[in-house]
Structures are given as structure tokens and as C-alpha cells.
Amino acid sequence: MQNEKDLFDTLKEMYPQHPRKEFVSATENTLRQRARSLGKKRIFTKFAVITSGVLVCAFIFSWLISLNGSGIVSKVAHSDGRGALSYAMEEKKPVVYIYQSHNRESFFPELPEQRAYREQPPYSNTKNVTLVGKELSRALKEMDINSIHDETDIDGILKQRGSYFPDSYKVSRENLQKVLAENDSIRMVFDIHRDSQKRSESTIEMKGKDYARIKFVVSKTSGNYETNKIFATQLHEQLEKLFPGLSVGVIEKGIDPQNTYNQELHDNSVLLEVGGIDNTLEETYRSMDVFAQALKVILEKSK
């Protein structure tokens, strides 16, 4: 049979949590006193029960500390402090809204029948910038970023109402207001267009592939001009880090003719001009894939 000293030495070797020396000493003295008052036959049983309780408590305490901001402790502390954006992304709510005010804007390479007549910019009912917005939404989804892609045929609605092209933003505004009212999780709004520049100005090559360059347009007449400009600049800078030269930069418009591009409805609202009349849809898709990566970085930073 082990004596008292042997029992204490054995338990110390079994004890992995390394409590403070003061704790060990105090517990040891208490147990020695109790052990002496018990019969030898009862020493080990009583001692084991008491020590088991001490070990369990020490283990639980050490486990909680070792989590260090993760697991259960983290969830309790994080549940009250996390931002609305982080919550929206975790709950799979939409954080990006994508639409096309000039939804039938197209590209000459996709429309051979129009290429011969270059007096007017290319337009199409099917091969147009709506597909560019769809690609951005798809790329975001692959990164677990939920978006709402509005495929409304704005041009078709204008014709039904007997309205004219300049009223496009009034029609797209209707859906935008509705979506924002129903989804307070939206953190970014993009109206996708096609620029009128020629290929030499709207295209950049990298690693043997051509990409349609992206222009960030901000209205100077919008009530959110300053905040939208900051947001557009952030997009430009992040895109420059990922793919230098893909972004044309931040362009200020909306003065003549006056147009807010509906940007007063949201702080992070930007009009995107993706490529020009001579780009292909494939080139715009590549650009949207890179742009989605930039959005992911910005969203993760803002959590």
C-alpha cells in the first residue's frame, strides 16, 4: 500500500493543469489533516473523491481559458458586438444589389449585324449588360456573398409606358427603393453600364487574356456625393492592388445633364461602366470575376 507521500506524488504526476503552488500546498495540507483522521482503509477512497472534484474544476477552468476568444466563450462575447454586415453575411442575407438602368446596352463583337453600322452604339434584347450583372452575382455567390440581381427589362418598360430613354433611371429607381426598403442588409449598390469608348481605351491585357476595364462613376449632384466618392475610391484602390490597370478610376458626372443616378438612395452606390462598345462579353466576365474578389476583401475588412 502506498503511503501518503507516494499518493501525493502520483496525483501530481497525473495532474496536467499545473495549478499554482499555493493552491497545491493548501489543498495538500487540508487533505493530510483529513487523511490522518480517517482509518487507513478509508484513506484512498475519500482522497480520490476529493481530488477528483479538484481536478474537474481545474480542468473546466483551464479549458475555458484555453479557448481564448473562440468557441462558446467567443459566441457569447461576439453575439452582442458583431456588426450588422457580419450578421447579414452569416445569415446569408443579401449584401449587394446589382441592376442595369440601361439594360440593353451591348457590345459590337456580340452583334455582327450591327457592327457594320457603327453610327449608333450597340443595343440588344438578349446579349447585353444584364449578362454582365448576372456574372458578377454568380462570382459573388461562389465566394458565399449573397446578392440580388435585378434583371428587369427597363427599356421594355419605357416602351410600354411611352417614356423615353432619359427616364431609365426613374424606372430603375422604383425597384431600387423597393429592394432597399425590404432588405436593410444591403451594403453595396451597383448600376452596371457599358461605356462608349473604343477597344484601345477600354481593354487591358494580362497573362495572355484581355479584360474589359472598369470605370467608377459618381454623381456630383447626388446628396450622397461625398460618401459615394469615398466608396468608389475604395473600390478603385482595392482593384488596383489585385489587378493594376483594370480600373480606369473614379469619374465624376451628373452635372450636364443633371442626374443623380439614384445614388442619393444609398451611401455605397456607384455606377459601373464595364468595358466599351468593342469588348466581348467574355472580357467583361473576366473583369467581374476580379471585381468580385475586390468586393470580398472590402466586405471582410468592414465586418
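In what follows, the structure referred to is the one given above.
Here goes a summary of the coordinates provided.

### Structural notes on the environment of E142
In this fold, E142 is placed in helix α7 (residues 129-142). Sequence spacing of E142 and A292 is 150 residues, and the spatial spacing of their C-alpha atoms is 9.5 Å.

### Overview of α7
The terminal C-alpha atoms of α7 lie 20 Å apart, and with 14 residues this matches the ideal 20 Å at 1.5 Å per residue to within 8%. Within α7 the residues assigned to the buried category are V129, T130, V132, G133, E135, L136, S137, A139 and L140. The distance from a side-chain oxygen at the start of α7 to the backbone nitrogen of T130 is 3.0 Å, and the residue carrying that oxygen is N128.

### Re the pattern of salt bridges
Applying the stated criterion across every chain, the model contains 17 salt bridges. We note a salt bridge from K159 to D155, for which the minimum N-O separation is 3.4 Å. One end of the pair, K159, and the other, D155, are both in helix α8 (residues 154-161), four residues apart, so they sit about a helical turn from each other. Judged by relative accessible area, D155 falls into the buried class, the value being 18%. The shortest N-O distance in the salt bridge between R173 and E264 comes to 2.6 Å. On the criterion of sequence distance, the pair formed by R173 in helix α9 (residues 168-182) and E264 in the loop between β7 (247-253) and β8 (269-274) is long-range, its members being 91 residues apart. A relative accessible area of 23% means that R173 is categorised as partly exposed. Taken together, the salt bridges that share partners define one network made up of R104, D153, D155 and K159.

### So, the pairing of β7
Here strand β6 (residues 214-219) pairs with β7 via six bridges, running parallel. Paired with F216 across the two strands is V250, which belongs to β7. On the question of chirality, the crossover connecting β6 to the parallel β7 by way of helix α11 (residues 225-242) is right-handed.

### Side note on the packing of aromatic side chains
A complete count under the given rule lists seven aromatic pairs for this structure. Taking 6.3 Å as the distance between ring centres and 90 degrees as the angle between the ring planes, the aromatic pair formed by Y123 and F165 counts as edge-to-face. Of this pair, Y123 sits in the loop between α6 (112-115) and α7 while F165 sits in the loop between α8 and α9, placing them 42 residues apart in sequence. The class for Y123 is partly exposed, based on a relative accessible area of 32%. Residue F165 is classed as partly exposed on the basis of its relative accessible area of 37%. Measuring from ring centre to ring centre gives 5.4 Å for Y169 and Y261, while their planes differ by 55 degrees; the resulting arrangement is tilted.

Rules of the game
- Once a new chain begins, its residue numbering starts again from 1 and follows that chain's sequence as written.
- In keeping with the model being predicted, local features are shown solely for residues with a pLDDT of at least 70 and side-chain atom pairs are shown and tallied solely at 80 or more, while totals for entire chains, interfaces and linings include all residues.
- The side-chain figures draw on all heavy atoms in the structure; neither hydrogens nor water molecules are used.
- Counting from the N terminus, the helices are DSSP H or I runs at least four residues long and the strands are E runs at least two residues long.
- To estimate how far a helix should reach, multiply one less than its number of residues by 1.5 Å.
- Burial status follows relative accessibility: with a 1.4 Å probe on protein chains alone, a residue under 20% of its type maximum counts as buried, one over 50% as exposed, and anything between as partly exposed.
- Two N or O atoms count as a polar contact when they lie within 3.5 Å, although within protein this holds only if one can serve as hydrogen donor and the other as acceptor, and sequence-adjacent residues are included solely when both atoms are side-chain atoms.
- By convention in these notes, a salt bridge is any Lys or Arg side-chain nitrogen within 4 Å of a carboxyl oxygen on Asp or Glu.
- Strand pairing is assigned whenever DSSP identifies at least 2 bridges connecting the two strands.
- Classification remark: right-handed applies to a crossover when, strands pointing away from the viewer, the course from the first strand over the helix to the second runs clockwise.
- Within 6.5 Å between ring centres, the rings of Phe, Tyr and Trp (the latter by its six-membered ring) count as paired, and their orientation is classed by plane angle as stacked under 30 degrees, edge-to-face over 60, tilted in between.

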